[in-house]
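Letter by letter, the chains look like this.
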Amino acid sequence: MIIAAGGGRRIGGPEALLHQGEKPLVSQMIDTMAEAGCAQVVVVLGAAAEQVRQTTDLSGATVVVNRAWGTGVGSSIRAGLAALTDDEIEAVVVVPVDMPGLTAAAVRRVTALPYPDVLVCATYDGLRGYPMLFGRRHWSGIATLASADVGARPYLLAHKDQIVDIACDSVADGSRIDSPELMALYGLSIPEQRVGA
């Protein structure tokens, strides 16, 4: 699941419109998830959803539009989980679109044990980050507790003894793009003609 619904007020435009060079970052993330072996890729859009659909090839993904994106990432996680209707899926890996340093190797590392009862978090310098793997048995609890801009954090805190931490420092960059300075550092832009809601 790729969360690409935010309005990006700190970076000057919706995160789903971020480009690295000519390529939309959301396309890059779809490719990364597919390369990692994800059976289904769900992209949760929100801000600028129609613009993203018009300017990005999303054919490799199931697209969900979170109309309540302004309430925070919690509603996007709920929307994404609701789209996973295949009973054969035992776990879902969650990543944000604003993480250009994510690699298929990191996704594979975190998803190595895709069982229904797992909770896995990538770590960078000992701090938890994305990707995160949520086993199916946790989905309803996560959906119930996911709120505002903290997403799954309340559920993870309540189940911290069950979380398996997987160090991904050596295979990926865990940075999230949350400032114009980081956008410049990673060569990211939001094309002028596409800025807006």
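Just so it is clear, the model here is predicted, and its values are computed rather than measured.

About the criteria used
- Residues numbered from 1 in each chain as written.
- Predicted model: local features only at pLDDT ≥ 70, side-chain atom pairs only at ≥ 80, totals over all residues.
- Heavy atoms only, no water.
- Core = buried A, V, L, I, M, F, W, Y, C linked by side-chain atoms within 4.5 Å.
- Buried < 20%, exposed > 50% of the residue type's maximum accessible area, 1.4 Å probe, protein only.
- Contact = heavy atoms within 4.5 Å.
- Helix = DSSP H or I, 4+ residues; strand = E, 2+ residues; numbered from the N terminus.
- Pairing = 2+ DSSP bridges.
- Axes fitted to C-alpha atoms, helices over the stretch in contact; angles between N-to-C directions.

Chemist: Hey, could you go over the nonpolar core for me, with residue numbers and the actual values?
Modeler: Ile-2, Val-43 and Phe-134 are the most contacted members of the largest nonpolar core, which totals 66 residues. Setting aside chain neighbours within four positions, we find Val-43 in contact with Ile-2, Ala-4, Val-26, Ile-30, Ala-61, Thr-62, Val-63 and Val-64.

Chemist: So what's going on with unusual backbone geometry? Residues and values would help.
Modeler: For residues besides glycine, phi is generally negative; the peptide bonds are generally trans as well. Put simply, Tyr-130 and Pro-131 share a cis peptide bond, and its omega is 5°. Structurally, the position occupied by Pro-131 is in strand 8 (residues 127–135). Of note in this structure, Asp-125 is not a glycine but carries a positive phi near 50°. By the element assignment, Asp-125 lies in the loop between strand 7 (119–124) and strand 8.

Chemist: Please give an account of the sheet that holds strand 5 (residues 62–65) that cites residues and values.
Modeler: Read across the open sheet, the 7 strands follow the order 5-4-1-6-8-7-9; overall the sheet is mixed. Each edge of the sheet is formed by a strand with only one pairing partner; in this case those strands are strand 5 and strand 9 (163–167). Averaged over all pairs of adjacent strands, the angle between their axes in this sheet comes to 25°, without regard to strand direction. Examined bridge by bridge, strand 7 and strand 9 share 5 bridges and lie parallel to one another. Bridge pairing links Cys-121 to Asp-165 in strand 9. Sitting on the sheet, helix 3 (residues 73–82) touches strand 1 (2–4), strand 4 (42–45), strand 5 and strand 6 (91–96), and the angle it makes with strand 4 is about 140°.

Chemist: Go over helix 3, please, and point to the residues and values.
Modeler: Counting buried positions over the 10 residues of helix 3 gives 8, a clear majority of the element. Lining the buried residues of helix 3 we find strand 1, strand 4, strand 5, strand 6 and helix 5 (136–145).

Chemist: So what's going on with the pairing of strand 8? Which residues, and what values?
Modeler: Most of strand 8 is tucked away: 7 of the 9 residues are buried. In this structure, strand 6 lies alongside strand 8, joined through 4 bridges in antiparallel fashion. Bridge pairing in strand 8 links Val-92 to Phe-134. The pairing of strand 7 with strand 8 spans 6 bridges and is antiparallel. The residue of strand 8 that forms the bridge with Val-120 is Leu-133. A loop of 2 residues connects strand 7 with strand 8, the two strands running antiparallel in sequence, and Asp-125 in this loop sits at a positive phi of about 50°.

Chemist: Describe the environment of Phe-134, and please don't skip the residues or the numbers.
Modeler: Mapped onto the fold, Phe-134 is located in strand 8. With 52 residues separating them along the chain, Phe-134 and Ala-82 place their C-alpha atoms 14 Å apart. Here Phe-134 is in contact with Ala-91, Val-92, Val-94, Val-118, Leu-119, Trp-139, Ile-142, Ala-152 and Leu-156, once residues within four sequence places are set aside.

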